[in-house]
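The lines below spell out each chain.
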Amino acid sequence: MAQTQVQAQVQAQARAVRLGPRSVLALLLVSAVGVAALGWPFLAPPESSVAAHAQDAPWLFAGLLVLLVAVVGATISESGLGPKAVAMVGVLAAAGAALRPIGAGTAGIEPMFFLMVLSGRVLGPGFGFVLGSLTMFASALLTGGVGPWLPFQMLSMGWFAMGAGLLPGPDRLRGRGELLLLAGYGFVGAFAYGTAMNLAGWPFMGENSTSIAFDADAPVAVNLARFTAYCLATSLGWDLGRALVTVVLTCLLGPAVLRALRRATRRAAFEAPVAFEAASR
């Protein structure tokens, strides 16, 4: 009975990366900067000087990347990330980076998303954010996709995996209910990721583009309509493919992957309590 309770406690507390106060503050900071960088076409009024400095975007991207690195560093240093957790991050990041090129250029077939959902679910939001960011960075190096969009990809994937770790019932909800929850989150999150990446590039289409391009002199309502048309015209099919692939893989492979991740987490015992008992006489 006591052994069962200890195993349940270890399972409930098995989080490879726990977010401490400094890490939470850094994460909130980089998230606020990311939201401002993505949403400035709707946050800044037409008469502001923000649009006049749109060509300064590369500097914003570079600053965002520095903040991302700072968040990951703060998370690792504060949580005391041990060698077992580092090894798990490396294995899962390598697996995710290897999965991404499988469907590159094919109607949104991106199998890495389901792995990010399941990993974030089992190992928590802190681990999810670190894993999502590092996986996207490793994938960019593997596929040659390094560019000004990379910081936004890292941040968006970090949010995506972290959100899976924030879903309710991480220690009690199991079976079909959990799979439906993860599949639904993966479906919605895949569209959210695509929308974030659309926001990263849409304002810089150029004034000579079509009527769906960003207009710095137009009111927010007009630009919102333009952005909606832009998403429908350019990325709806891709986002839908990504969402459906995530749902299918989560339902088909989710039970086995969840069991494997939870078994590896229990065996690693990242935060297993250490107790010393007096020897019986």
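S.K.: How would you explain helix 8 (residues 220–234) if you had to name every residue and give the values?
M.R.: With 15 residues, helix 8 extends 21 Å from end C-alpha to end C-alpha; this agrees with the ideal 21 Å at 1.5 Å per step. Within helix 8, the full set of buried residues consists of Asn-223, Phe-227, Tyr-230 and Cys-231. All buried residues of helix 8 fall inside an arc of 95° around its axis, so they share one side. Turned more than 90 degrees away from the buried face of helix 8, the exposed residues are Ala-221, Leu-232 and Ala-233.

S.K.: Mind laying out the packing of helix 5 (residues 112–143) against helix 6 (residues 150–165), listing which residues take part and the relevant values?
M.R.: Running from amino to carboxyl end, helix 5 crosses helix 6 at an angle of 170°, the nearest separation of the two axes being 7 Å. As summarised for this structure, helix 5 and helix 6 are arranged roughly antiparallel, according to the angle between their axes. Across the contact of helix 5 with helix 6, the residue classes tally to 18 nonpolar, 8 polar and 1 charged.

S.K.: Explain helix 2 (residues 21–43) to me, using residue names and the numbers behind them.
M.R.: Relative to the 33 Å expected for 23 residues at 1.5 Å per residue, helix 2 spans just 29 Å between its end C-alpha atoms, considerably shorter than the ideal helical length. A bend of about 45° at Ala-37 is the largest found in helix 2, and the proline Pro-41 appears one to four places after it.

S.K.: Report on a nonpolar patch on the surface, specifying residues and quantitative values.
M.R.: Residues Phe-187, Val-188, Leu-240 and Leu-244 make up a contiguous nonpolar surface patch of roughly 330 Å² in combined accessible area. Elements with a contribution of two residues or more to the nonpolar patch: helix 7 (176–201) and helix 9 (236–268). Positionally, Leu-240 belongs in helix 9. Relative accessible area serves as the criterion here: at 36%, Leu-240 is assigned to the partly exposed category.

S.K.: Account for the environment of Tyr-193, naming residues and giving values.
M.R.: Note that Tyr-193 resides in helix 7. Between the C-alpha atoms of Tyr-193 and Asp-239, which are 46 residues apart in sequence, the distance is 8.5 Å.

S.K.: Lay out the confidence of the model for the protein with the relevant residues and their values.
M.R.: Model confidence for the protein is summarised by a mean pLDDT of 78, while 75% of its residues fall at 70 or above. Confidence, read as mean pLDDT per element, is least for helix 1 (residues 2–13) in the protein (45) and greatest for helix 7 (92). Predicted confidence is poor over residues 1–11, with pLDDT under 50, and the contacts of this stretch with residues over four places away or in other chains come to 5 contacts.

S.K.: Can you lay out the pattern of salt bridges for me, pointing to particular residues and giving the numbers?
M.R.: Pairing between side chains of opposite charge can happen when the charged atoms of each approach one another. Applying the stated criterion across every chain, the model contains 5 salt bridges. For Arg-100, the salt bridge identified is with Glu-110, shortest N-O distance 4.0 Å. One end of the pair, Arg-100, is in the loop between helix 4 (83–99) and helix 5; the other, Glu-110, is in the loop between helix 4 and helix 5, with 10 residues separating them in the sequence. Using a relative accessible area of 15% as the deciding quantity, one classes Arg-100 as buried. Three or more residues are tied together by salt bridges with common partners; here these are Arg-100, Glu-110, Asp-239 and Arg-242.

S.K.: Can you break down a positive patch on the surface residue by residue, with the values?
M.R.: Taken together, Arg-174, Arg-259, Arg-263, Arg-266 and Arg-267 make up a surface patch of like positive charges. As for its position among the elements, Arg-263 is in helix 9.

S.K.: I'd like to hear about the packing of aromatic side chains, residue by residue, with values.
M.R.: Here the structure, examined in full by the defined rule, presents 7 aromatic pairs. When the centroid spacing of 5.3 Å and the interplanar angle of 55° are considered together, the rings of Phe-187 and Phe-191 count as tilted. You can see Phe-187 and its partner Phe-191 sitting in helix 7, 4 residues apart, about one turn around the helix. Aromatic side chains Phe-227 and Tyr-230 sit 6.4 Å apart centroid to centroid with 25° between the ring planes, which places their arrangement in the stacked category. Linking Phe-227 with Tyr-230, this pair stays in helix 8, spanning 3 residues, or about one helical turn. Its relative accessible area of 7% is what places Phe-227 among the buried residues. On the accessibility criterion, Tyr-230 (13% relative accessible area) is buried. Aromatic rings pair up to connect Phe-113, Phe-160, Tyr-185 and Tyr-193 into one cluster.

S.K.: Tell me about the environment of Leu-224, residues and numbers included.
M.R.: Tracing the sequence through the fold places Leu-224 in helix 8. For Leu-224, a relative accessible area of 44% gives the class partly exposed. On a C-alpha basis, the gap between Leu-224 and Ile-212 in space is 9.7 Å, while along the polypeptide they are 12 residues apart.

Rules and cut-offs
Residues numbered from 1 in each chain as written. Predicted model: local features only at pLDDT ≥ 70, side-chain atom pairs only at ≥ 80, totals over all residues. Heavy atoms only, no water. Helix = DSSP H or I, 4+ residues; strand = E, 2+ residues; numbered from the N terminus. Expected span 1.5 Å × (residues − 1). Buried < 20%, exposed > 50% of the residue type's maximum accessible area, 1.4 Å probe, protein only. Arc of directions from axis to C-beta. Axes fitted to C-alpha atoms, helices over the stretch in contact; angles between N-to-C directions. Parallel < 35°, antiparallel > 145°, perpendicular 65-115°, else oblique. Nonpolar A, V, L, I, M, F, W, Y, C, P; charged D, E, K, R; others polar. Bend = angle between axes of the 7 residues up to and from the residue. Patch = residues over 30% accessible without salt bridge, like charges linked within 9 Å, V, L, I, M, F, W, Y side chains within 5 Å. Areas by Shrake-Rupley, 256 points an atom, 1.4 Å probe, with all protein chains shown as cover. Salt bridge = Lys/Arg side-chain N within 4 Å of Asp/Glu carboxyl O. pLDDT = per-residue confidence, 0-100. Contact = heavy atoms within 4.5 Å. Lys, Arg positive; Asp, Glu negative; His and termini not counted. Charge placed at Lys NZ, Arg CZ, Asp CG, Glu CD. Phe/Tyr/Trp six-rings, centres within 6.5 Å; stacked < 30°, edge-to-face > 60°.

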